[in-house]
Amino acid sequence: MEKKLKVGIVGCGKISGIYFENCRTYPILEVAACADLNVSRAQASAEQYGVPKAYSVSELLADPEIDIVINLTIPAAHAEVCLAALEAGKHVYVEKPLAVTREEGRAILEKAQEKGRLVGSAPDTFLGGGIQTCIKLIEDGWIGTPVAASAFMIGRGHEHWHPDPEFYYAKGGGPMFDMGPYYLTALVAMLGPIRRVTGSAKISYPERTILSQPKFGKVIPVETPTHVAGVIDFHGGAIGTIITSFDAFGGAEVPRIEIYGSQGTLSVPDPNTFGGPVRVRRYDSNEWAEIPLTHGYAANSRGLGVLDLAYAVKNGRVNRASGELAYHVLEAMHGFHDASEEGRHYLMESSCERPAPMPLGLVQGVLD
């Protein structure tokens, strides 16, 4: 029988449910404990999902049986919890972004190296069947040499629906830091690391009024750009464009991501999902063809990055949704803002390896 790695989940808010549900279905993982600043919330999650121990955060980090900490706290607490978990000798997987600042992100990677532990970070959606199929199509030459890419994430803002939207408009929030990780991680997974970026960013409305319950009518200040338009130069030669916005009601025909190659165009599915559809239009056709997914994990598989990290620990390899990849994306997101403020290109200081493609023919819950 395969030896299980014991997982502790820190942060029992809205996103935690899918992690509890999925991680307990993976044979190599055992969700052994959970913790929250509000211990009663941790106790409620433990009861709901059959978790043996409900802890305070410090109690969970002190538990010697916990191998992997899943950090689902708010972004402002990501670095603090990751560093404490690494100091306690745990491997860490954190929700996006890796950290709020580049300095915090570097500190996490340095601590992991010092302690000989792995760091993983969301998003792990690029490990799903949709984007993995796109990676295979690119590698198999379906669109020839990639020359360009475009990405669009356009919405009206979280105050319209989110019960607690303030932090989306605080420093470290905004559309680039909220949704940019999905798009940029997918682009790096398909096209490789980024050489430089430039862009324009603005705060379109200095205040927002919450239109959702329970804070309906509350006016909140906006401290971070809410519309960001960027240009990306990849080391491999392709040029990308990206728009992330909380200022518009969306576009009628705007794609999520498209990759333009010398022999065709690839329509990439929503990078905030794990599935399809995947479509290709070749140079010799006027029609789009939908391509069956070549890989599994097409349903909501959040926690797949934790599974991959667990097998990386077991087999002594690098995890795909790695800290290095997450830091590269974090630096690029700051780079768009810096470029806008300073009127220049931002040259990337970090790089990363393209994550290894997922194997074909995986059995659900197994990932060697």
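For the structure itself, look to the data block above.
In what follows, the accompanying structure is described.

Calculation rules
Residues numbered from 1 in each chain as written. Predicted model: local features only at pLDDT ≥ 70, side-chain atom pairs only at ≥ 80, totals over all residues. Heavy atoms only, no water. Pairing = 2+ DSSP bridges. Helix = DSSP H or I, 4+ residues; strand = E, 2+ residues; numbered from the N terminus. Contact = heavy atoms within 4.5 Å. Axes fitted to C-alpha atoms, helices over the stretch in contact; angles between N-to-C directions. Salt bridge = Lys/Arg side-chain N within 4 Å of Asp/Glu carboxyl O. Buried < 20%, exposed > 50% of the residue type's maximum accessible area, 1.4 Å probe, protein only. Core = buried A, V, L, I, M, F, W, Y, C linked by side-chain atoms within 4.5 Å. Phe/Tyr/Trp six-rings, centres within 6.5 Å; stacked < 30°, edge-to-face > 60°. Right-handed = clockwise from strand over helix to strand, strands pointing away.

## Focus on the sheet that holds strand S11 (residues 227–234)
Moving on, step 1. Here we have 9 strands laid out as an open sheet, ordered S16-S15-S14-S13-S7-S12-S11-S8-S17, and mixed in their pairing. Each edge of the open sheet carries a strand with a single partner, namely strand S16 (289–291) and strand S17 (346–347).
Moving on, step 2. Alignment of strand S7 (residues 146–154) against strand S13 (residues 257–261), held across 5 bridges, turns out to be antiparallel. Bridge pairing links Ala-148 to Tyr-260 in S13.
Moving on, step 3. Relative to S7, helix H7 (residues 174–191) is tilted by about 160°, and along the sheet it contacts S7, strand S8 (194–202), S11, strand S12 (239–245), S13 and strand S14 (264–268).

## Observations concerning the pattern of salt bridges
Moving on, step 1. Scanning the entire structure with this criterion turns up 23 salt bridges.
Moving on, step 2. Here Asp-36 ties to Arg-41 by a salt bridge, and the two come within 3.4 Å at their closest N and O atoms.
Moving on, step 3. On the basis of relative accessibility, which here comes to 7%, the residue Asp-36 falls in the buried class.
Moving on, step 4. On the accessibility criterion, Arg-41 (40% relative accessible area) is partly exposed.
Moving on, step 5. Between Glu-87 and Lys-115 there is a salt bridge; the shortest N-O distance is 3.2 Å. Of the two residues, Glu-87 is situated in helix H4 (residues 75–87) and Lys-115 in helix H5 (residues 102–115); the sequence distance between them amounts to 28 residues.
Moving on, step 6. Residue classification places Glu-87 among the partly exposed residues on the basis of a relative accessible area of 42%.
Moving on, step 7. The exposure class of Lys-115 is partly exposed, given its relative accessible area of 30%.

## Some points on the sheet that holds strand S3 (residues 53–55)
Moving on, step 1. With parallel pairing, 6 strands are arranged side by side in an open sheet as S3-S2-S1-S4-S5-S6. What marks the edges here is a single partner per strand, and that holds for S3 and strand S6 (119–121). Taken pair by pair, the neighbouring strands of this sheet meet at an average axis angle of 25°, ignoring direction.
Moving on, step 2. Pairing of strand S4 (residues 68–71) with strand S5 (residues 91–94), which is carried by 4 bridges, proceeds in the parallel orientation. What sits directly across from Val-69, in S5, is Val-92.

## A short note on the nonpolar core
Moving on, step 1. Counting 110 residues, the largest nonpolar core has Leu-184, Leu-187, Met-190, Ile-259 and Leu-266 as the members making the most contacts within it.
Moving on, step 2. At 12 residues, the largest contribution of residues to this core is made by H7.
Moving on, step 3. Ignoring sequence-local partners within four residues, the contact set of Leu-187 consists of Ala-149, Ala-151, Gly-192, Ile-232, Phe-234, Ile-257 and Ile-259.

## A closer look at the environment of Ile-239
Moving on, step 1. Along the chain, the position of Ile-239 falls in strand S12.
Moving on, step 2. Once the C-alpha coordinates of Ile-239 and Ala-148 are considered, the two residues, 91 residues apart in sequence, prove to be 4.7 Å apart.
Moving on, step 3. Sequence-distant contacts of Ile-239, that is, excluding residues within four places in its chain, are made with Val-147, Ala-148, Ala-149, Val-231, Ile-232 and Asp-233.

## Let's talk about the environment of Leu-83
Moving on, step 1. By the secondary structure assignment, Leu-83 is in helix H4.
Moving on, step 2. C-alpha separation for the pair Leu-83 and Glu-110, spaced 27 residues apart in sequence, amounts to 9.7 Å.
Moving on, step 3. Contacts of Leu-83, omitting those with residues within four sequence positions, involve Ala-107, Ile-108 and Lys-111.

## Describing unusual backbone geometry
Moving on, step 1. A cis geometry characterises the amide bond from Ala-122 onward to Pro-123, with omega recorded as 5°.
Moving on, step 2. In this fold, Pro-123 is placed in the loop between S6 and helix H6 (129–139).
Moving on, step 3. With an omega of 10°, the peptide bond running from Gln-213 to Pro-214 counts as cis.
Moving on, step 4. At Tyr-297, a residue that is not glycine, the phi angle is positive and equals roughly 60°.
Moving on, step 5. Looking at the secondary structure, you find Tyr-297 in the loop between S16 and helix H8 (304–315).

## With respect to the packing of aromatic side chains
Both the distance between ring centres and the angle between the ring planes are used here to describe each pair of aromatic rings.
Moving on, step 1. Taken as a whole and assessed by the stated rule, the structure comprises 3 aromatic pairs.
Moving on, step 2. Between Phe-167 and Tyr-168 the ring centres are 4.3 Å apart and the planes differ by 25°, which places this aromatic pair in the stacked class.
Moving on, step 3. Their ring planes at 65° and their centres at 5.8 Å tell us that Tyr-169 and Phe-246 sit as a pair that is edge-to-face. Residue Tyr-169 is found in the loop between S7 and H7, and its partner Phe-246 is found in the loop between S12 and S13; the two are separated by 77 residues along the sequence.

## Focus: the pairing of S5
Side-chain direction in a regular strand flips from residue to residue, so the side chains alternate between the two faces of the sheet.
Moving on, step 1. On S5, burial covers both faces: His-91 and Tyr-93 on one face and Val-92 and Val-94 on the other are all buried.
Moving on, step 2. Handedness of the S4-H4-S5 crossover: right-handed.
Moving on, step 3. Here S5 pairs with S6 via 3 bridges, running parallel. Note on S6: the bridge partner recorded for Val-92 is Val-119.
Moving on, step 4. Read from S5 through H5 to S6, the crossover connection turns out right-handed.

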